[in-house]
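Analysis of the macromolecular model
Here's the letter readout for the chains.
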There are 2 protein chains.
Amino acid sequence: MKKHNFSAGPCILPQEVLKKAADAVLNFNNLNLSLIEISHRSKDFVDVMENARSLVKELLNLPEGYSVLFLQGGASLEFLMTPYNLLKVNGKAGYMNTGTWSTAAIKEAKMMGEINVFASSEDKGFNYIPKNYTVPTDVDYIHCTSNNTIYGTQLKTFPKTDSLLVCDMSSDIFSRQLDFTQFDLIYAGAQKNMGPAGTTLVVVKDEILGKTGRTIPSMLDYQVHIKKDSMYNTPAVFPVYVSMLTLQWLKDLGGISAIEKINEEKAALLYAEIDRNPHFVGYAAKEDRSLMNVTFNLTNESDKEAFDKIWNEAGISGIKGHRSVGGYRASMYNALPLESVKVLIKAMQQLEK
Amino acid sequence: MKKHNFSAGPCILPQEVLKKAADAVLNFNNLNLSLIEISHRSKDFVDVMENARSLVKELLNLPEGYSVLFLQGGASLEFLMTPYNLLKVNGKAGYMNTGTWSTAAIKEAKMMGEINVFASSEDKGFNYIPKNYTVPTDVDYIHCTSNNTIYGTQLKTFPKTDSLLVCDMSSDIFSRQLDFTQFDLIYAGAQKNMGPAGTTLVVVKDEILGKTGRTIPSMLDYQVHIKKDSMYNTPAVFPVYVSMLTLQWLKDLGGISAIEKINEEKAALLYAEIDRNPHFVGYAAKEDRSLMNVTFNLTNESDKEAFDKIWNEAGISGIKGHRSVGGYRASMYNALPLESVKVLIKAMQQLEK
């Protein structure tokens, strides 16, 4: 029996994607060769890379002037590449701090220049999204994190700025409709809604690059990667291929508008149960609740053993909360079926009985 | 029919590894979950990482005091991490230039300090390994590349130095017996003898780190990765797993001493044919010939169409030479069967007839 996989990341991927990925490991495109033993410069893999890039542009509805890259190193390396590529020598940047990942991004950027943390929700354990902040104007760029996996909060609106706007969308890209042209740089580790761990999506507006006055090491320079179509060095072949399959799956499903409806339905059901069921209490402020990661605690910690037994027996996996929040976290990425959410809700209702 | 895969990298992997990898994409460790949809912090994956690390230590016969890491970014990112971690502020380093990859390593290092290229074979299209060079003594480290995939040359001995010795072994690690303790830092992109593209092996002597006086960004800092057991951020799960399988395959086969014999046999056969057959001429200086990448040209370019037809029909793939050398390159990594070499030799003999 397949598990109900609520893992926070790496996380559930569509079954048909897993099947195609396994097939390609044995025999790719009927070449009688495995996907992972052919040259990344072969036509068959170059097609994969081009297709993945074009699916991203189509799904995000990007106009001309944006480049799409598949790099390595995860969002963590992007924390460094962002200031390397956008922070002017002696320049400043503004960061919004909404959790663990924002905090890590701020730490790396501080090594390279003056960082103004203009909004933070650290005072309440990052359980809400700051509002009524003043966006600094004397900065090279503004950085924010669209969704906070650990705390279960999500930005519903983004900072308004005349500077460049950068967003780490690792945990909610391709999950909801946004005007993606409001951003100048978007990056996302693949391992939530896009594919397996090992590749990082970067979407960048070409005209913003090459203006810092810095010498940028080749591997950290977006312009180097753009010029080489993400093949400056050997890309992470398998993760890029599986990302392409997942993007194709999403397109076939109807794209972001279609998956958004399903994601909203899943989240509405689970939050309704959390609010209704006296045995549970939500962690995040209601107006900032994430559609992707639902964080909740037991009202009474003594129910833990009973509840853990119930969901384990129901074939649920991956709902243990992050150590910094405790309790439970149900991550409901694009590939998680509505059925799995219903099974979790049933488990919560069983505890009530 | 399975191809005879002479690809220069990504390259051939053992059939049994491909089969196990495909199985794990569908159902890993009988968890009823795919390898690529579980948390990298789950016990099942932590075991993979630990096992991979311990296999490296065992196969390379490393004593205490070395750390083994599985990072991202390929050797290209190591070109930058090496000076970040080892080049003192206002320090110097010595580099040996034996080809395209050394040249790229030198370029990155030069952004960070004074680089002395104390030996180079650029004068003859990198078709030999420099000898009789003087190793500089006023440097923080010496850097070399053990095998040059494009030109088909290989270092048989390494620079003697009292400074630190760094080696890029991307294309021949695990292929021959060496005293690996002569090196202070070894790095290697996985996609030759170790696994698929997407992870990079780093073997580093702990005591050499933390001495440069530099502020190192987290993702570029070996000490950060050591402290977190290669899980500072989400590792490239699938590439690490397949690397573990390949290392296990090598161990089961008898380790490096066993594969070295097979590699020597394969290389001896093919070089003998190149030297015997008047239709072909080797590219690399005989004494510097690589056991991994055999580069050769047609004596008469007009044979090209005929020879290409012959090897294509024999089910051979991936022997087109790199554009900077032309001709042919037969890469014979660990997983390439002797049988494939014999098929290639037969094709060469068929041209003669």
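What counts and what doesn't
- Residues numbered from 1 in each chain as written.
- Chains lettered and ligands numbered in written order.
- Predicted model: local features only at pLDDT ≥ 70, side-chain atom pairs only at ≥ 80, totals over all residues.
- Heavy atoms only, no water.
- UniProt positions renumbered as here; feature names shortened; annotations may be inferred.
- Pairing = 2+ DSSP bridges.
- Helix = DSSP H or I, 4+ residues; strand = E, 2+ residues; numbered from the N terminus.
- Right-handed = clockwise from strand over helix to strand, strands pointing away.
- Buried < 20%, exposed > 50% of the residue type's maximum accessible area, 1.4 Å probe, protein only.
- Contact = heavy atoms within 4.5 Å.
- Domains from an automatic or database assignment.
- Salt bridge = Lys/Arg side-chain N within 4 Å of Asp/Glu carboxyl O.
- Polar contact = N/O pair within 3.5 Å; in protein donor to acceptor, adjacent residues only side chain to side chain.

Under the annotation held in an unreviewed UniProt entry, chain A carries the name Phosphoserine aminotransferase and is attributed to Lutibacter maritimus. What UniProt states about chain A under its Function (unreviewed entry) heading is, verbatim, "Catalyzes the reversible conversion of 3-phosphohydroxypyruvate to phosphoserine and of 3-hydroxy-2-oxo-4-phosphonooxybutanoate to phosphohydroxythreonine."

All names here are of chain B. Direction of pairing for strand β3 (residues 92-97) relative to strand β4 (residues 114-120): parallel, over a ladder of 6 bridges. Note on β4: the bridge partner recorded for Y95 is V117. The β-α-β motif built from β3, the intervening helix α4 (residues 100-110) and the parallel element β4 has right-handed crossover chirality.

Looking now at the side chain of B:S175. All names here are of chain B. With respect to the helices, strands and loops of the structure, S175 is situated in the loop between β8 (164-168) and β9 (185-189). Taking relative accessible area as the criterion, S175 reaches 1% and is therefore assigned buried. Setting aside anything within four residues of it in sequence, one finds S175 in contact with N193, I256, I259, E260, N263, M292 and N334.

Let us now look at the domain arrangement of chain A. All names here are of chain A. Domain annotation of chain A identifies domain 1 (15-253) and domain 2 (255-352). The distance between the C-alpha centroids of domain 1 and domain 2 comes to 27 Å. Each partner contributes residues to the interface: domain 1 has 30 residues there, and domain 2 has 27 residues. Applying the counting rule to domain 1 against domain 2 returns 2 salt bridges. One salt bridge connects K131 with E287, and the closest N-O pair in it is separated by 3.7 Å. Connecting domain 1 to domain 2 are 17 residue pairs in polar contact (both at pLDDT 80 or more). Only β6 (147-148), β7 (153-154) and α6 (237-253) provide two or more residues apiece to the side of domain 1 that touches domain 2.

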